[in-house]
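Take a look at the letters that make up each chain.
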Amino acid sequence: MNSENTAGRTPHTAQLYYLPTAIDWNHIAVQRELGKADVLVFQRNILFKEVWDAMDYWRALGKAVVVDLRPDDFYQQLPPSNPAHEYWVRNRGGISPPPVEALIEGMRHADAITSPSKVILADWAHILPGYWIPNWTRRAWYERLNQKPVGAPDMMLAQAMNAEGVGVLNAALRPDSEGQIIIGWGGSISHVDSWIYSGAIEALDRVFAKYPQVVLKFCGHESRLDYILDRWPGRVIRQGGVAPEFWPQVVGTFDIGLAPLDTRPLDPPWREGAPVASYDERRSWLKGAEYLTAGVPWVGSRSETYNDLSRYGALAANTPDAWFAALDKIIGNLAFEKGKAWDRRAWALRNITFEANANRYGDIFGRIIAEKNARLKVRLPGITYVQAKQETATA
C-alpha cells in the first residue's frame, strides 16, 4: 500500500503495529500514532478484555474498528489436522471464556469484518457486516517472471543471506531433470486433509504410471504427508520454504500447479443459518491466483474457494477420476496449455494483483466508514437530511 502511495498511484497509506502497542491505548505516543488512522484493523486475536477496551476507546472517538479474519480462520470447527486445533478447539491455553466464545465477544466491539473468504463472511453475518477483500498477488514480485519452457531443466532454489545481510535466492540446476514435467504444490502445515480427501493422491498414482517423465515438486515444511509421498520413490522433489517475495520464482519452476481442497461439507452447520461448506472452502483463492499470475496451468478442487476463478483454471470434482482426467488433459497438451496460461497471466496482472487493486482496497474501507456512520445515523453539520416516509392507505 505505502509503495503505491509513494508512486502516486493511491492516496491511501497503512501502518502495522504489534497488538501490545495497540492495547496500550492510554499511552500518549500510542494515541498520537493510532489517532492518525481512519480505520483500525485488528487481526483475529481479539480474545481479551484489554483488546476489547482498546476497540471501544477508538470507536468512541469515531474511528472505524474492523476485525480481519484470514482464510481458514474457521475456529469453530477446525479439523484436528490443523495445528491450531489444540488452542482454538481444545483450549490448551486454558483461557476463559474459551477462544471461540471470546472471539464472538470481541466481534461485538467492532464495526465490520473483512476476509478473503466469502464463506467466512457468511459465517459471521449474524453479528457484523462483512466485506470481501481477496488475497491479491504482488505484481512487483511476478511481473519479471519468464515461463519455463516445456522440457527445460528444473531449478532448485534456496534462500541465503549475502554479505550485507540481505536475503537472496540462489538457484541451481537439478541434475537429470531435462525433459521432466514438474507438477508443483506448496503450502502451510494445515493442508493434510486437502490432500487426503481430494482425490489428488490417487490421481497422481495413475499419472506417474502413465507418464514416466512426470515428477511432483512438494514445497514447504509439511512432514505429516511423508508416509504418502514415500509411495512414489524417485518421483518427489522436496523444495524448502522461501520468503514471500521469492515464492513466485518457485512457482515459476512448475509446469502444472495443484490446488487440492477437502470439500466434505460440515453438516450440520455450526449455527442455524450458517453456510454448509467445508473447512477448506473457507480458504482464499490465493493458490489459484498465484498460478495465474505466474502463467502456470493449474488444477484445483471444484469449490466455493475457486468459483470466482473457474474460467481461468481446471476445476475438478473431488474424485480420483476427475482429478486424473484434468491432469491427463494438461499433460497431453502441455505446450498448448502453457501458452493459454501465459495469455491468462496478462489478465491476472491487470486484475488480481495488489497494485491493480490498491484503490479498491481503500474504497472498501471508505465504504466501511460510510456504512458505519449511516448505521449510527451520523449527520454532517449544515446539511438537511430528507427521508421518504411510506404512506399506508386506509379504508
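Right above here is the structure, for reference.
Residues numbered from 1 in each chain as written. Predicted model: local features only at pLDDT ≥ 70, side-chain atom pairs only at ≥ 80, totals over all residues. Heavy atoms only, no water.

**Student:** Explanation requested: the layout of surface pockets in the structure shown.
**Tutor:** Any space left empty among the atoms is revealed by the rolling of a water-sized probe across them. Here the second largest pocket defines a volume of roughly 250 Å³. Lining the second largest pocket are 17 residues, with Gly313, Ala314, Glu337, Lys340 and Arg344 positioned closest to its centre. Taken together, the elements giving at least two residues each to the lining of the second largest pocket come down to helix H14 (320–332) and helix H15 (334–351). (1 Å grid on protein atoms, 1.4 Å probe; cavity = no way out; pocket = protein on both sides within 12 Å on 5 of 7 lines; lining within 4 Å. Points joined across faces, edges and corners; volume = space filled by probe spheres on them. Helix = DSSP H or I, 4+ residues; strand = E, 2+ residues; numbered from the N terminus.)

**Student:** Is there a simple way to think about the sheet that holds strand S2 (residues 64–68) in this case?
**Tutor:** Note on sheets: strands pair through backbone hydrogen bonds, and any given pair is parallel or antiparallel. Pairing within the open sheet is parallel, and its 4 strands lie in the order S1-S2-S3-S4. Either end of the sheet is taken by a strand with one partner, and the two such strands are strand S1 (39–43) and strand S4 (130–132). Going across the sheet, the axis of each strand differs from the next one's by a mean of 30°, ignoring polarity. Of the strands in this sheet, S1 and S2 are in contact with helix H4 (residues 49–60), which crosses S2 at around 145°. (Pairing = 2+ DSSP bridges. Axes fitted to C-alpha atoms, helices over the stretch in contact; angles between N-to-C directions. Contact = heavy atoms within 4.5 Å.)

**Student:** Would you mind going over the packing of helix H13 (residues 286–294) against H15 with me for this structure?
**Tutor:** Axis angle and axis distance: for two packed helices, these are the angle between their axes and the distance between the axes, and together they describe the pair. Across the interface, H13 lies against H15 with an axial gap of 6 Å and an inter-helix angle of 115°. The pairing of H13 with H15 is recorded here as roughly perpendicular in orientation. Of H15, the residues touching H13 (which contributes Leu292, Thr293 and Ala294) are Trp342, Arg344, Arg345, Trp347, Ala348 and Leu349. Residues of the contact of H13 with H15, tallied by class, amount to 6 nonpolar, 1 polar and 2 charged. (Parallel < 35°, antiparallel > 145°, perpendicular 65-115°, else oblique. Nonpolar A, V, L, I, M, F, W, Y, C, P; charged D, E, K, R; others polar.)

**Student:** I'm lost on the pattern of salt bridges in this one. Help?
**Tutor:** Two side chains bearing opposite charge may form a pair once their charged atoms approach each other closely. The final tally for this structure, using the stated rule, is 24 salt bridges. The residue arginine 238 makes a salt bridge to aspartate 226 at a minimum N-O spacing of 2.8 Å. Here arginine 238 is found in strand S9 (residues 236–239), whereas its partner aspartate 226 is found in helix H11 (residues 226–229), with 12 residues between them in sequence. Between glutamate 371 and arginine 367 there is a salt bridge, with its nearest N and O atoms 3.1 Å apart. Linking glutamate 371 with arginine 367, this pair stays in helix H16 (residues 354–375), spanning 4 residues, or about one helical turn. Here glutamate 371 falls in the partly exposed class, since its relative accessible area comes to 29%. Salt bridges here are not isolated pairs; linked through shared partners, they connect Glu86, Arg90 and Arg92. (Salt bridge = Lys/Arg side-chain N within 4 Å of Asp/Glu carboxyl O. Buried < 20%, exposed > 50% of the residue type's maximum accessible area, 1.4 Å probe, protein only.)

**Student:** Honestly, the sheet that holds strand S8 (residues 214–219) in this entry has me stumped. Any pointers?
**Tutor:** Taken together, 6 strands build an open sheet; the order of strands is S9-S8-S7-S10-S11-S12 and the sheet is parallel. Taken across any chain shown, the strands that pair with only one partner, and hence form the sheet edges, are S9 and strand S12 (314–316). Neighbour to neighbour, the strand axes of the sheet diverge by 25° on average, direction disregarded. The sheet contact formed by strand S7 (residues 181–186) and strand S10 (residues 256–259) spans 2 bridges and is parallel. Paired with glycine 184 across the strands is glycine 257, a residue of S10. Set on the sheet, helix H10 (residues 200–210) makes contact with S7, S8 and S10; between it and S8 the angle comes to about 140°. Helix-sheet contacts for H13 involve S7, S10 and strand S11 (298–301), and the interaxial angle to S10 is about 170°.

**Student:** Even after reading the chapter, I still don't get the side chain of aspartate 68, so can you show me in this structure?
**Tutor:** Within the secondary structure layout, aspartate 68 lies in strand S2. Within the structure, aspartate 68 has its side chain in polar contact with the side chain of arginine 70 (distance 2.8 Å). A polar side-chain atom of aspartate 68 sits 2.7 Å from a polar atom in the side chain of threonine 114. (Polar contact = N/O pair within 3.5 Å; in protein donor to acceptor, adjacent residues only side chain to side chain.)

**Student:** Just to check I follow, could you spell out the nonpolar core for this structure?
**Tutor:** Among soluble globular proteins, nonpolar side chains are generally buried collectively. Ile183 and Leu216 are the most contacted members of the largest nonpolar core, which totals 75 residues. For isoleucine 183, the contacting residues outside a window of four places in its chain are Leu204, Val207, Val214, Val215, Leu216, Lys217, Ile256, Leu258, Leu327 and Ile331. Counting residues in hydrophobic clusters, the runner-up holds 33 residues, among them Leu103, Ile113, Ile120 and Trp124. (Core = buried A, V, L, I, M, F, W, Y, C linked by side-chain atoms within 4.5 Å.)

**Student:** Could you clarify how one ought to interpret the pairing of strand S5 (residues 155–161) in this entry?
**Tutor:** In summary, the side chains of a regular strand alternate between the two faces of the sheet. Two elements, S5 and strand S6 (residues 167–173), share 7 bridges in a ladder whose sense is antiparallel. Each residue of the ladder has a partner; that of methionine 156, found in S6, is alanine 172. The antiparallel hairpin formed by S5 and S6 contains 5 residues in its connecting segment, where glycine 165 sits at a positive phi of about 80°.

**Student:** Even after reading the chapter, I still don't get the packing of aromatic side chains, so can you show me in this structure?
**Tutor:** Describing an aromatic ring pair means giving the distance of the ring centres and the angle of the ring planes. Scanning the entire structure with this criterion turns up 19 aromatic pairs. Between tryptophan 25 and tyrosine 57, the aromatic rings sit 4.6 Å apart at their centres with planes inclined by 25°, giving stacked as the arrangement. Within this pair, whereas tryptophan 25 is found in the loop between helix H2 (19–22) and helix H3 (28–34), its partner tyrosine 57 is found in helix H4, the two being separated by 32 residues in sequence. With centroids separated by 3.5 Å and ring planes inclined at 10°, the aromatic side chains of tyrosine 75 and tryptophan 88 adopt a geometry described as stacked. Highlighted residues: tyrosine 75 in the loop between S2 and helix H5 (85–88) and tryptophan 88 in helix H5, separated in sequence by 13 residues. Exposure remark for tryptophan 88: the relative accessible area of 7% places this residue in the buried category. Ring pairing ties together the aromatic residues Trp247, Phe254, Tyr291, Trp298 and Tyr306, which thus form one cluster. If you follow arginine 138 out to its NZ or CZ, it ends over the ring of tryptophan 141, 5.2 Å from the centre. (Phe/Tyr/Trp six-rings, centres within 6.5 Å; stacked < 30°, edge-to-face > 60°. Lys NZ or Arg CZ within 6 Å of the ring centre and 35° of its normal.)

**Student:** Help me understand unusual backbone geometry in this model?
**Tutor:** Comment: phi is negative for the bulk of residues other than glycine, and the bulk of peptide bonds are trans. Geometrically, the link from serine 96 to proline 97 is a cis peptide bond, its omega value of 0° lying close to zero. For asparagine 91, which is not glycine, the phi dihedral falls at a positive 55°. Tracing the chain through its elements places asparagine 91 in the loop between H5 and helix H6 (99–107). The backbone phi angle of aspartate 176 is positive, close to 60°, even though this residue is not glycine. With respect to the helices and strands, the residue aspartate 176 is situated in the loop between S6 and S7. Aspartate 176 sits in the exposed class, given a relative accessible area of 75%.

The values are spatial; any link to function lies outside them.
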